[in-house]
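Descriptive structure summary
Each chain is listed here by its residues.
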Amino acid sequence: MNYFFIWSGLVLLVMMIPLFYRMNAGPTALDRIVAVNMIGTKTAILLVFVGTIFPGNRVGMFVDFALAYGLLNFLGSLAAARYFHRSRAVAGEIDVEGEAEEPAIE
Amino acid sequence: MTTIINIVSIVLVLSGLVFFFGAVVGMVRFPDVYTRMHAAGKGDTLSSLLVVLGFMVYQLGRIHGGELMWTDLLVAIKLLAICAFIMLTSPTATHALMDAGYEDGIEPVLGEDGDALSRDQDTRRKGGGEPKPNRTS
């Protein structure tokens with residue numbers, strides 16, 4: 001059973017690599033934020049994996065870590081959403097009709 | 001009995017991995033911010049839920065298999081709390097990010113029904129041209 005948890009944790013870790021690609025090459029900032037949000041959620045899940053295969057029956061500690069990590073991840077995502085709300089800095093290029101072209105703030 | 005519980009746990013964790021694979025494929029291949037966010041929100045929530053439920057079932061099996069400890073039951077309750085927390089917060093975060101992106105003017109890839117969220121009627125059907133004849137409002 002431990003081998004199953006180890007290998008499925010490794011599969012979860014390998015499947016994070018395309019998310020790193022999206023985090024690196026996302027056209028807008030929201031792609032990067034969503035990718036980071038997904039990676040954070042999966043890291044909280046991976047903490048439960050690590051706690052289950054940890055010797056000495058220490059699952060409770062790691063489950064607490066996972067809960068706190070998920071909470072921080074959600075708060076970070078909401079703070080990023082509030083920060084980019086109407087800040088007009090999300091898109092790389094913004095053209096809205098009726099407004100002058102202004103250089104995009106990176 | 002422990003074998004059945006282990007099999008249920010393995011099935012739950014593997015289906016969670018399958019849904020996470022779907023979310024990752026959507027995250028890489030979809031053409032738009034909003035569609036990517038759609039894939040991320042749904043697949044991420046469901047896969048996290050399934051994996052954590054699998055661990056909760058495994059933990060309950062350890063309770064059943066002798067040496068009954070109340071800490072194991074507490075761990076199962078905490079895993080259930082993680083489930084409820086993810087189910088509440090992940091769609092909320094996705095919706096907040098989508099709202100920020102739409103208010104910021106990121107243009108979605110439009111289908112033939114146009115932009116359903118737009119406030120004026122002209123840009124609402126910008127992508128689609130004529131609406132379908134039997135769906136006129």
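Reading the values: rules and limits
- Residues numbered from 1 in each chain as written.
- Chains lettered and ligands numbered in written order.
- Predicted model: local features only at pLDDT ≥ 70, side-chain atom pairs only at ≥ 80, totals over all residues.
- Helix = DSSP H or I, 4+ residues; strand = E, 2+ residues; numbered from the N terminus.
- Buried ≥ 20, exposed ≤ 12 C-beta atoms within 10 Å, placed from the backbone.
- Contact = placed C-beta atoms within 7 Å.
- Nonpolar A, V, L, I, M, F, W, Y, C, P; charged D, E, K, R; others polar.
- pLDDT = per-residue confidence, 0-100.
- Core = buried A, V, L, I, M, F, W, Y, C linked by C-beta atoms within 7 Å.
- Expected span 1.5 Å × (residues − 1).
- Arc of directions from axis to C-beta.
- Axes fitted to C-alpha atoms, helices over the stretch in contact; angles between N-to-C directions.
- Parallel < 35°, antiparallel > 145°, perpendicular 65-115°, else oblique.
- Left-handed = near helix turned anticlockwise from the far one by under 90°.

As for the overall build of chain B
Within chain B, the regular secondary structure consists of four helices and zero strands. Helices and strands appear in chain B in the N-to-C order α-α-α-α. Here chain B holds 137 residues, and the buried ones make up 35% of them. Taking the contacts inside chain B whose residues are at least 6 apart along the sequence as the reference set, 57% of them involve residues at least 24 apart.

Regarding the interface of chain B and chain A
Across the boundary between the two partners, chain B contributes 39 residues, which contact 40 residues of chain A. Residue assignment for the side of chain B that touches chain A shows that the elements contributing at least two residues are α1 (2-29), α2 (33-64) and α3 (70-103) of chain B. Of the residues forming the side of chain B that touches chain A, the biggest block, 17 residues, is contributed by α3 of chain B. For the side of chain B that touches chain A, a count of residues per class yields 26 nonpolar, eight polar and five charged.

Here's the deal with the confidence of the model for chain B
Residue and element names in this part refer to chain B. Averaged over chain B, the pLDDT score is 82; the fraction of residues at 70 or greater is 79%. Between the elements of chain B, mean pLDDT differs from a low of 55, seen in helix α4 (residues 121-124), to a high of 93, seen in α1. Of the regions scoring below 50 in pLDDT, residues 127-133 engages in 12 contacts with residues more than four places distant in sequence or in other chains. Model confidence for the complex: the whole-complex pTM is 0.80, and ipTM, which rates the interface, is 0.78.

Brief notes about the nonpolar core
In terms of nonpolar packing, the biggest core is built from 52 residues, with Val34, Ile45 and Val48 of chain A together with Val52, Leu79 and Leu97 of chain B touching the most fellow members. Within the residue set of this core, elements represented by two or more residues are α1 (2-14), α3 (29-53) and α4 (59-84) of chain A together with α1, α2 and α3 of chain B. Examining the composition of this core, we find that 13 residues originate from one element, α2 of chain B, more than from any other. With residues near it in sequence (within four places) discarded, Leu79 of chain B still touches Val63 of chain A together with Val52, Phe55, Met56 and Gln59 of chain B.

Notes on α1 of chain A
All names here are of chain A. A rise of 1.5 Å per residue sets the reference length of α1, with its 13 residues, at 18 Å; its end C-alpha atoms lie 18 Å apart and thus fit the reference within 8%. Taken together, the buried positions of α1 are occupied by Phe5, Gly9 and Leu12. One face of α1 carries all of its buried residues, which in axial projection span an arc of 60 degrees. Among the exposed residues of α1, those oriented more than 90 degrees off its buried face are Tyr3, Trp7, Leu10 and Val14.

What to know about the packing of helix α2 (residues 17-25) of chain A against α3 of chain A
Residue and element names in this part refer to chain A. Following both chains from N to C, one finds α2 and α3 inclined at 155 degrees, their axes separated by 8 Å at the closest point. Taken together, α2 and α3 sit at an angle that is classed as roughly antiparallel. Where α2 crosses over α3, the handedness of that crossing is left-handed. Counting all contacts with α2, which are made through Leu19, Arg22 and Met23, the residues of α3 involved are Asp31, Arg32, Ala35, Val36, Met38 and Ile39. Class assignment for the residues of the contact of α2 with α3 results in six nonpolar, no polar and three charged.

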